[in-house]
Amino acid sequence: MSEAPLVSIENLTISLPGNDGGRLFPVRDVSLSIGAGEIVGLAGESGSGKTITALSLLGLLPPGGRMSGHIRFGGQDLLTLPPRAIADVRGRDIAMVFQDPMTALHPMLSIEKQLTEHLRHHRGIDARAARTRAIELLELVRIPDAARALKRYPHQFSGGMRQRIAIAIALCCEPQLLIADEPTTALDVTVQAGILRLLQQLRGELGLSVLLITHDMGVMSALSDRVVIMYAGRVVETGTRTDVLQHPRHPYTHSLLGALPHEHGDDMLLQPMRGTPPSIGALPPGCPFHPRCDWAEARCRDIEPGLHAVEPNRAIACVVDPLVGVPA
Amino acid sequence: MQQPIKRAWYALPSLVRFILRRLAIGVLLCVGVTLVSFTLTQIVPGDPVAASLGDQASSDPETVAAFRQRFGLDKPLPEQYLIYVTNLAQGNFGESLQTRRPVADDLAKYMSATIELSLVAMTFAMLAGVALGIIAAVNRDRWPDQVIRVISLAGVSVPTFWLSLVCLYVFFFQLGWSPGVGRLSPGAAAPMNLTGLYTVDALLTGNWKTLGSALAHLALPAMVLAIYTIGAITRFTRAAMLDAFQQDYVRAARAKGMPERTVVMRHVLRPALASIITVSGMAFGRMLGGAVLVESVFSWPGLGEYAYRSALALDLRAIMGVSLVIAAVYILVNLLVDILYAIVDPRIRLS
Amino acid sequence: MTIAAPATVNPHRPTGKLRSAWLQPLGLVGATLLLIMIMAALLAPWVVPYEPNAQAFGRFLAPNATNWFGTDQLGRDIFSRVVHGARVSMPYALQLVVMAAVIGTVAGAIAGYFGGWIDGVIMRAADLVMAFPDIILAMAVVAALGPNLFNAVLAVVVVSWPIYARVVRSLILTLRDEPYVQSSRLLGASSGRALWKDIRPNVAGPVVVLAALEYGHAVLILSGLSFLGLGAQPPTAEWGSMVSEGAKYFDKWWMSAFPGLAILVVVLAANFLGDTLRDAFDPKSAKAFR
């Protein structure tokens, strides 16, 4: 990437208050950047720190959360902005679509209200102008009969339609970055494809940058340009989609992909991953993945590997690096 | 249901269906209430004639015979119940032992004072309770929340009759801020009877002196009566708000960059209010019960005070009349509240 | 093609200890006060300075070194009477709460477990009696059966059980479908046995919490009835009727102030304790109205 990226997260560490008065670190020393018009996939199991990384971009940590590092966006560092200024960025420059459209839309506010309230707040435009814009957006996300849809309420739409509406809400203020947190997980498989296609089209039509958070490697491969894999609060592998998904170099990425059902001749092979992800309060020493790793060596118990470049545009956090040249 | 009826039923708008269903439940509840009160009058030990007519009247055989025939006491129980309900439906609650007047007339006379008192108290309780609940929820676990928690627990813990006395002692006897007991000062004439609510009637007739006196007399008992409900609504509002705060849609509203004030007042309070409305009906019922104690201390000529005097005179018909009326009001208020809820919540209104 | 269920990150979920840290003082205060009042009830004859009904002093003495809470219109020591009052309201309220809790729990369990028309009948009956204001129904029963505290307790039980029935029913409805309950039924446990063995432990906690919260209410109602002259009868040293006597001598504030405070202390203590317990065991039921 020659030009400056749209967003660049540098050495982000997030801490939350723990139950015993100490602090937990759900995200540690994470760096990632998203270029203009780029779709970056952020993957990992539950508890790997994906969602909280995304929420940090909006300044929406849980109560008591603290951040260090830098989040550079539009020439400023979001971490140094006063809360009021971050609230202005939220929804206007960076917008978010949540996982479950059944719960993320307000059940008692009309679609129009939900589409226009932040538009009017951020832009200060009148109700009529906001309505025109809202109709445009509903048409953009392919909601039929947009003018009538405005008067309706979320429960009157199907899950897929609701997610389209949620996307329209996110796009209202023409944000530069869209964070999509598991946008298809709660939907039926048949509906998922439509939403993915929509996101793809929107990127093309609007030149939108997307941070796509998912634990679904299928969604990841359908949409993203670049892929960032997280484990236990840290980035363990980054690279282009083709590189990472076809030739994973970190053992964790390898087992993530291995846990996918894929066809081998007549058989469906499925290798479930061993063990469960560690809790952030009780990480094993050394590489946090070593207890579940097939290639772990003695030194993995002692050294927590840093992220280092192994090819152009490719970095992993593994001292063993056993997978050079091994296909997925 | 038969097919055509079923089809016609589902052809109705959902809101109408909802209201009709609630109405049916309300009617059923009313029937149930009369069953309970009928049972109660049956389990009274001793001669119901004597209990209802009093010693003097029951010594007169002619009156007793007329009474027996009128209430069908010689007939089987189901038939007696039917007669009982028919009498009630005609507004015939029997005669009060104490006032020697038909209970229905007494009820009509005392009802408006109770309604005025409890409406003012309820309004006050809703405003204060919801406001305190919001402050507590927004400041969850910080000092305002803790202070409000203690206040609201104290509100549901203080004995109303005692608080009434304490307030009278302090604000009337010691400080002289309150004009004391009753609905009006001796100098003020009761306003023309339009609604029975002195404040409203005085306002409508432009009787300023009476209006001032009525308001001054209303303030203290209404506040005391509201205390328990304030505590209850505060705690309920806090719980409902915290519940709403945890919803995804609130996080989504924050992610849109909405100011926290708007998030609280629009996205959190609105769903919370819907459930607060539903409990306010129950709270109103409780308040009518609590009015007995407040009215008896403040000599407020309402249903509660009437029930109190009747109870002391062991005047069962009068008390049953009061509890039937209050139960009916309770059912009616809850019916209205349910309908209001359906109108507020689009998920019921448009489905 | 999913790997694991996604985490539901809830940014507002409180951390348990953070919450209970400031709650504990309140619960502690409640427990201590309640303990003191229970001790007062148990030990009253031994700890009070004077006989509660002895007319041993001047009438209407304001609080002083001998009569800490003053004396009443018959020259009785109010402090001794207030301490003895703990022996009346508190055990009757306990009786009321236990009866209502047992009846309500059984009714709720039956309604929730068997469902269908049984559920319908029980829950409609619950709705029905809740329409009656408890204190007025109690007044009616007392007027019919004669003024005495036990009759009042019976009357209030009639309108108090529904709240337990509702809570227990909703608990059972969620528990009934739990795998371990299902499996024990499949293994041939009878429904009664399933209710007792698998469900009881999960219902007991919330019922106890609810009972603690209702206890204060029971004390309020019973003392209110006595205040109206429909509960305990003179010369019983009962808090509500003492307040009522004091009300006749309006300027002798101590006559009603101290017995009223005793009611407030017991009810407040029970509510402090109940509220803390609820937060610890069963935060959801905070949404049940009362």
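Residues numbered from 1 in each chain as written. Chains lettered and ligands numbered in written order. Predicted model: local features only at pLDDT ≥ 70, side-chain atom pairs only at ≥ 80, totals over all residues. Heavy atoms only, no water.

Asker: So, the packing of aromatic side chains: which residues are in play, and what are the values?
Answerer: According to the stated counting rule, one finds 18 aromatic pairs over all chains in the structure shown. Between Phe-38 of chain B and Tyr-84 of chain B the ring centres are 5.4 Å apart and the planes differ by 50°, which places this aromatic pair in the tilted class. Here Phe-38 of chain B, found in helix α2 (residues 14–43), pairs with Tyr-84 of chain B, found in helix α5 (residues 77–89); they are 46 residues apart in sequence, far enough to count as distant. As far as burial versus exposure is concerned, Phe-38 of chain B and Tyr-84 of chain B are alike and both buried. The interplanar angle of 25° and the centroid separation of 4.5 Å between the aromatic rings of Phe-161 of chain B and Phe-227 of chain C together place this pair among those described as stacked. Highlighted residues: Phe-161 of chain B in helix α8 (residues 160–174) and Phe-227 of chain C in helix α7 (residues 191–227), drawn from two different chains. Across the pair, exposure class does not vary: Phe-161 of chain B and Phe-227 of chain C are buried alike. Through successive ring pairs, a cluster of aromatic residues spans Trp-68, Phe-69, Phe-79, Trp-253, Trp-254 and Phe-258 of chain C. Residue placement shows Arg-183 of chain B over the ring face of Tyr-198 of chain B; its charged tip is 3.7 Å from the ring centre. (Phe/Tyr/Trp six-rings, centres within 6.5 Å; stacked < 30°, edge-to-face > 60°. Helix = DSSP H or I, 4+ residues; strand = E, 2+ residues; numbered from the N terminus. Buried < 20%, exposed > 50% of the residue type's maximum accessible area, 1.4 Å probe, protein only. Lys NZ or Arg CZ within 6 Å of the ring centre and 35° of its normal.)

Asker: I'd like to hear about the side chain of Glu-237 of chain A, residue by residue, with values.
Answerer: Relative to the elements of secondary structure, Glu-237 of chain A occurs in strand β10 (residues 234–240). Polar contacts involving the side chain of Glu-237 of chain A include one to the side chain of Thr-253 of chain A, which spans 2.7 Å. (Polar contact = N/O pair within 3.5 Å; in protein donor to acceptor, adjacent residues only side chain to side chain.)

Asker: Could you give me a rundown of the nonpolar core, with the residues and numbers involved?
Answerer: Note on soluble globular proteins: their nonpolar side chains tend to be buried together. Ranked by internal contacts, the top residues of the largest apolar core, which has 161 residues, are Met-241 of chain B together with Met-139, Tyr-164 and Trp-239 of chain C. Top element by residues in this core is helix α12 (residues 260–298) of chain B. It accounts for 18 residues. Counting residues domain by domain, this core receives three or more from each of domain 1 (13–89) and domain 2 (103–350) of chain B. If near-sequence neighbours (up to four positions away) are discounted, Trp-239 of chain C is found in contact with Met-37, Val-82, Gly-85, Ala-86, Ser-89, Met-90, Pro-259, Ala-262, Ile-263 and Val-266 of chain C. Judged by nonpolar contacts, the second largest core, of 40 residues, contains Ile-111, Ala-149, Ala-180 and Leu-199 of chain A. (Core = buried A, V, L, I, M, F, W, Y, C linked by side-chain atoms within 4.5 Å. Domains from an automatic or database assignment. Contact = heavy atoms within 4.5 Å.)

Asker: Just give me the short version of the interface of chain A and chain B, but keep the residues and values in it.
Answerer: On the side of chain B, 22 residues touch chain A, which itself brings 28 residues to the contact. With both chains or domains summed, chain A and chain B bury close to 2,200 Å², and 65% of this area falls on carbon and sulfur atoms. If you look at where chain A meets chain B, you find two salt bridges. A salt bridge links Arg-266 of chain B to Glu-117 of chain A; its shortest N-O distance comes to 2.5 Å. The set of elements that each furnish at least two residues to the side of chain A that touches chain B consists of α1 (50–57), β6 (94–97), α3 (101–104) and α4 (111–123) of chain A. (Buried area = accessible area lost by both parts, 1.4 Å probe. Salt bridge = Lys/Arg side-chain N within 4 Å of Asp/Glu carboxyl O.)

Asker: Can you lay out the interface of chain C and chain B for me, pointing to particular residues and giving the numbers?
Answerer: With 61 residues of chain C at the interface, the matching set in chain B holds 64 residues. Roughly 5,500 Å² is buried in total at the junction of chain C and chain B, and carbon and sulfur atoms are behind 75% of that figure. Viewed at the interface, chain B and chain C are joined by three salt bridges. Where Asp-134 of chain C meets Arg-286 of chain B, a salt bridge forms, and the shortest distance between an N and an O atom there is 3.8 Å.

Asker: Go over helix α8 (residues 239–248) of chain C with me, naming the residues and quoting the values.
Answerer: Residue and element names in this part refer to chain C. Within α8, eight of the ten residues are buried, which leaves it mostly tucked inside the rest of the structure. Of the positions making up α8, those classed as buried are Trp-239, Gly-240, Ser-241, Met-242, Val-243, Ser-244, Glu-245 and Gly-246. Looking at where α8 begins, the residue whose side-chain oxygen comes 2.6 Å from the main-chain nitrogen of Gly-240 is Glu-238.

Asker: Kindly report on the packing of helix α2 (residues 78–114) of chain C against helix α3 (residues 116–130) of chain C, identifying the contributing residues and their values.
Answerer: Residues and elements named next belong to chain C. Running from N to C, α2 and α3 point in directions that differ by 145°, and their axes come no closer than 7 Å. You can see that α2 and α3 cross each other, and the crossing is left-handed. For the pair α2 and α3, the contacting residues are Ala-107, Ile-110, Ala-111 and Phe-114 in the first and Gly-116, Ile-118, Asp-119, Ile-122 and Met-123 in the second. Across the contact of α2 with α3, the residue classes break down as seven nonpolar, one polar and one charged. (Axes fitted to C-alpha atoms, helices over the stretch in contact; angles between N-to-C directions. Left-handed = near helix turned anticlockwise from the far one by under 90°. Nonpolar A, V, L, I, M, F, W, Y, C, P; charged D, E, K, R; others polar.)

Asker: How would you explain the pairing of β6 of chain A if you had to name every residue and give the values?
Answerer: All names here are of chain A. Residue alternation in β6 divides its side chains into two sets, Ile-94 and Met-96 and Ala-95 and Val-97, and both sets are buried. Where β6 and strand β7 (residues 177–181) come together, four bridges link them in parallel fashion. Counted as the bridge partner of Met-96 is Ile-179 from β7. (Pairing = 2+ DSSP bridges.)

Asker: Talk me through unusual backbone geometry; I want residue IDs and the actual numbers.
Answerer: All names here are of chain B. The backbone of Arg-100 shows a phi angle near 60°, a positive value even though the residue is not glycine. With respect to the element layout, Arg-100 can be found in the loop between α5 and α6 (103–138). Phi at Ser-299 is positive, roughly 45°, even though this residue is not glycine. Examined against the element boundaries, Ser-299 turns out to sit in the loop between α12 and α13 (303–312). Ser-299 sits in the partly exposed class, given a relative accessible area of 37%.

Asker: Break down the pattern of salt bridges for me, with residues and values.
Answerer: What the rule picks out here adds up to 39 salt bridges over all chains. Between Glu-117 of chain A and Lys-256 of chain B there is a salt bridge, and its shortest N-O distance comes to 2.9 Å. A residue pair is termed interchain when its members come from two chains, as with Glu-117 of chain A in helix α4 and Lys-256 of chain B in the loop between α11 (248–255) and α12. Given the relative accessible area of 6%, Glu-117 of chain A is considered buried. A single salt-bridge network, built from bridges that share partners, covers Glu-237, Arg-249, Glu-311, Arg-314 and Asp-321 of chain A.

Asker: Can you lay out empty space enclosed by the protein for me, pointing to particular residues and giving the numbers?
Answerer: Within the structure shown, the criterion is met by eleven cavities of 30 Å³ or more. A volume near 320 Å³ is recorded for the largest cavity. Along the wall of the largest cavity there are 20 residues; nearest its centre are Thr-160, Tyr-228, Gly-290 and Leu-293 of chain B together with His-217 of chain C. Breaking the lining of the largest cavity down by element, the ones donating at least two residues are α8, α10 (208–245) and α12 of chain B together with α4 (134–145) and α7 of chain C. (1 Å grid on protein atoms, 1.4 Å probe; cavity = no way out; pocket = protein on both sides within 12 Å on 5 of 7 lines; lining within 4 Å. Points joined across faces, edges and corners; volume = space filled by probe spheres on them.)

Asker: Please give an account of the confidence of the model for chain A that cites residues and values.
Answerer: Here chain A shows a mean pLDDT of 86. Residues at 70 or above account for 94%. Note that residues 262–269 of chain A has pLDDT below 50 and, in this model, eight contacts with residues that lie over four places away or in other chains. (pLDDT = per-residue confidence, 0-100.)

Asker: For a nonpolar patch on the surface, give the residues involved together with the corresponding values.
Answerer: A contiguous nonpolar patch, built from Leu-35, Ile-38, Met-39, Leu-42, Leu-43, Trp-46 and Val-47 of chain C and spanning about 730 Å² of accessible area, is present on the exposed surface. With respect to the helices and strands, the residue Ile-38 of chain C is situated in helix α1 (residues 16–47). (Patch = residues over 30% accessible without salt bridge, like charges linked within 9 Å, V, L, I, M, F, W, Y side chains within 5 Å. Areas by Shrake-Rupley, 256 points an atom, 1.4 Å probe, with all protein chains shown as cover.)

Asker: Which residues make up the environment of Ala-54 of chain A, and what values do they have?
Answerer: Residue and element names in this part refer to chain A. With respect to the element layout, Ala-54 can be found in helix α1. For the pair formed by Ala-54 and Leu-140, sequence separation is 86 residues and the distance between their alpha carbons is 25 Å. Each residue touching Ala-54, except ones within four places of it in the same chain, is listed here: Met-96, Ile-179 and Ile-213.

Asker: Now, about the state of the cysteines: what can you tell me, with residues and values included?
Answerer: Residue and element names in this part refer to chain A. By the definition in use, this model includes zero disulfides over all chains. Cysteine Cys-173 is unpaired, with the sulfur of Cys-172 as its nearest cysteine sulfur at 5.8 Å. A residue is classified by how much of its surface remains accessible, and Cys-173, at 3% relative accessible area, is buried. Note on Cys-293: no disulfide assigned, nearest cysteine sulfur contributed by Cys-318 at a separation of 6.2 Å. With relative accessibility at 13%, the residue Cys-293 sits in the buried group. (Disulfide = S-S within 2.5 Å.)

Asker: Got a sec to walk through the pairing of strand β2 (residues 23–34) of chain A? Specific residues and values, please.
Answerer: All names here are of chain A. The pairing of strand β1 (residues 7–17) with β2 spans seven bridges and is classified as antiparallel. Bridge pairing in β2 places Pro-17 opposite Arg-23. The turn linking β1 back onto β2 is made up of five residues, and Gly-21 within it adopts a positive phi angle of 90°.

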